[in-house]
Amino acid sequence: MTQEIVKRVLEFIKNDDHTEDAFNDQALQLFRYQYKHNIPFQMYCRQKGKTPRMVKSWKDIPAVPINAFKELTLSCEDPENAEDVFMTSGTTKGIRGKHYHPTLDVYNHSMLKNFRERFMNGHERMKMGILFPTEEEMPNSSLSHYLALAFKECGTNDSHYFVNEKGLQVDSLLLELEQAEETGNPLALLGASFSFVHLFEELQARGRSFRLPAGSRILDTGGFKNKSKELDLETFYTTLSTLLGVEKSHCINMYGMTELSTQFYDDGNAMVPSVKSGPHWIRTRVINPLTGEEVPNGEKGVLVHCDLANYNSVTTILTEDLGMENEEGFLLLGRVQGAEAKGCSIAVDEFIAAAKEPSQ
């Protein structure tokens, strides 16, 4: 059964069917599979009265709060047989959420198809500089795996990593930047947002700046998470553009999370906050977490993502990210606070209580 599910998901990703009906059919098929094989999820759905007989739309699928991944094993397959498990950074209470992948085929196809369309700008391959540790150094990091895929499948042979166990390799990176200026060959720099802040500090301390060749691109992701000083978006992208000579419209932000198998991108950061959007196999709703109801377009709420590449855990996740929907996608407005945070917390408590109740 699992092989058949994987095959159908891969076909759905490959086929560019953007219709509501196609998305709905695929989402309901996955919901029935996950309801049957993911027991904590099934118990939560039963408590909510959301059985396969009652759920008629992808919007009806109960959203699992993101912190449930820290408390319970959410997997249709035996987690012991997973090809890989991605773990959250554990910045809250030191507990790490786990996302099991019986096979990485789906994650890899989802990442590469989307990455090529949203970041590569028509290039088959580009010379890349990666500002993040390798998979070997961070084996359970979804971001390490994501960047390793970009490096292997879309980078040229002379691409390099510039972070190791000793930190950012500034001298090597500056040589790479100098070489790019001299040769005029475009360079793609990819890494965590906080890695770029460390680079800013080094460049400013040394009084250096660069003008990378036309066609160069930058991808940052992940925010700062207490790993560097925090910069507001306008300051971050202005500094990035000023110090590296890449237009802000070519500075792309990727929004992803360990608990998803698909990423969102913007089309540059000439204006912030930028609009994020995803491919045809992921959709987003903006809700009030206290009621579970969608908020009207243009109002703030909590983001719920339905990711059809999440075939083994749950498709639909209640994040703790604040956002606002518009016609092109959604604006990411930071972390939830106040009433929204309370609503997310209640949802976590409800999920854990339901999942731990004895079967009836």
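Every value quoted in this text rests on a predicted model; they were computed, and no experiment measured them.

Caption draft 1: Just the side chain of Asp 307, in detail. When you line up the elements, Asp 307 lands in strand β14 (residues 300–307). In this structure, Asp 307 is buried with no salt-bridge partner, the nearest side chain bearing the opposite charge being Arg 283 at 11 Å.

Caption draft 2: Looking closely at the side chain of Ser 216. Within the element layout of this structure, Ser 216 appears in the loop between α8 (193–206) and β9 (217–221). By relative accessible area, Ser 216 is classed as buried at 3%. Here the side chain of Ser 216 touches Leu 187 through a polar contact of 3.0 Å, landing on its backbone nitrogen. Within the local environment of Ser 216, its side chain forms a polar contact with the backbone oxygen of Pro 213, the two atoms lying 2.8 Å apart. Residues in contact with Ser 216, not counting those within four places in the same chain, are Pro 186, Leu 187, Val 246 and His 250.

Caption draft 3: Broad picture of the domain arrangement of the chain. The assigned domain composition of the chain is domain 1 (1–103 + 275–356) and domain 2 (106–266). When each unit is reduced to the centre of its C-alpha atoms, the spacing between domain 1 and domain 2 is 28 Å. At the junction of the two partners, domain 1 supplies 37 residues and domain 2 supplies 25 residues. Taken over both partners, the interface formed by domain 1 and domain 2 buries close to 2600 Å², and the fraction arising from carbon and sulfur atoms is 64%. Counting across the interface, domain 1 meets domain 2 through 2 salt bridges. One salt bridge in this structure joins Asp 16 and Lys 113, with 3.4 Å as the shortest N-O distance. Viewed at the interface, domain 2 and domain 1 are joined by 16 residue pairs in polar contact (both at pLDDT 80 or more). At the level of secondary structure, the elements contributing two or more residues to the side of domain 1 that touches domain 2 comprise α1 (2–14), β2 (84–87), β3 (98–101), β12 (275–276), β13 (282–287), β14, β15 (316–325) and β16 (330–335).

Caption draft 4: Molecular detail of empty space enclosed by the protein. Scanning the entire structure with this criterion turns up 1 cavity of 30 Å³ or more. The calculated volume of the largest cavity comes to roughly 30 Å³. As for the largest cavity, its lining consists of His 99, Tyr 100, His 101, Ser 261, Ala 309, Asn 310, Tyr 311, Asn 312 and Ser 313. Among the residues forming the lining of the largest cavity, the class breakdown is 3 nonpolar, 6 polar and no charged.

Caption draft 5: Looking closely at the pattern of salt bridges. Tallying each qualifying case throughout the model produces 18 salt bridges. Here Asp 158 and Lys 127 are joined by a salt bridge, their closest N and O atoms 3.9 Å apart. Of the two residues, Asp 158 sits in the loop between α6 (142–154) and β5 (160–161) while Lys 127 sits in strand β4 (residues 127–131), which places them 31 residues apart along the sequence. For Lys 127, a relative accessible area of 17% corresponds to the buried category. Close ionic contact of Asp 171 with Arg 206 constitutes a salt bridge, the shortest N to O distance being 2.8 Å. In this pair, Asp 171 sits in helix α7 (residues 170–183) while Arg 206 sits in helix α8, placing the two residues 35 residues apart along the sequence.

Caption draft 6: Just the packing of aromatic side chains, in detail. Here the structure, examined in full by the defined rule, presents 12 aromatic pairs. Each ring, one from Phe 151 and one from Tyr 161, has its centre 4.9 Å from the other, and the planes form 55°; the classification is tilted. Here Tyr 161 lies in strand β5 and Phe 151 lies in helix α6, a separation of 10 residues in the sequence. The partly exposed category is assigned to Tyr 161, whose relative accessible area is 21%. Ring geometry for Tyr 255 against Phe 330: centres 5.9 Å apart, planes inclined by 75°, an arrangement best described as edge-to-face. Within this pair, whereas Tyr 255 is found in strand β10 (residues 251–255), its partner Phe 330 is found in strand β16, the two being separated by 75 residues in sequence.

Analysis parameters
Residues numbered from 1 in each chain as written. Predicted model: local features only at pLDDT ≥ 70, side-chain atom pairs only at ≥ 80, totals over all residues. Heavy atoms only, no water. Helix = DSSP H or I, 4+ residues; strand = E, 2+ residues; numbered from the N terminus. Buried < 20%, exposed > 50% of the residue type's maximum accessible area, 1.4 Å probe, protein only. Lys, Arg positive; Asp, Glu negative; His and termini not counted. Salt bridge = Lys/Arg side-chain N within 4 Å of Asp/Glu carboxyl O. Polar contact = N/O pair within 3.5 Å; in protein donor to acceptor, adjacent residues only side chain to side chain. Contact = heavy atoms within 4.5 Å. Domains from an automatic or database assignment. Buried area = accessible area lost by both parts, 1.4 Å probe. 1 Å grid on protein atoms, 1.4 Å probe; cavity = no way out; pocket = protein on both sides within 12 Å on 5 of 7 lines; lining within 4 Å. Points joined across faces, edges and corners; volume = space filled by probe spheres on them. Nonpolar A, V, L, I, M, F, W, Y, C, P; charged D, E, K, R; others polar. Phe/Tyr/Trp six-rings, centres within 6.5 Å; stacked < 30°, edge-to-face > 60°.

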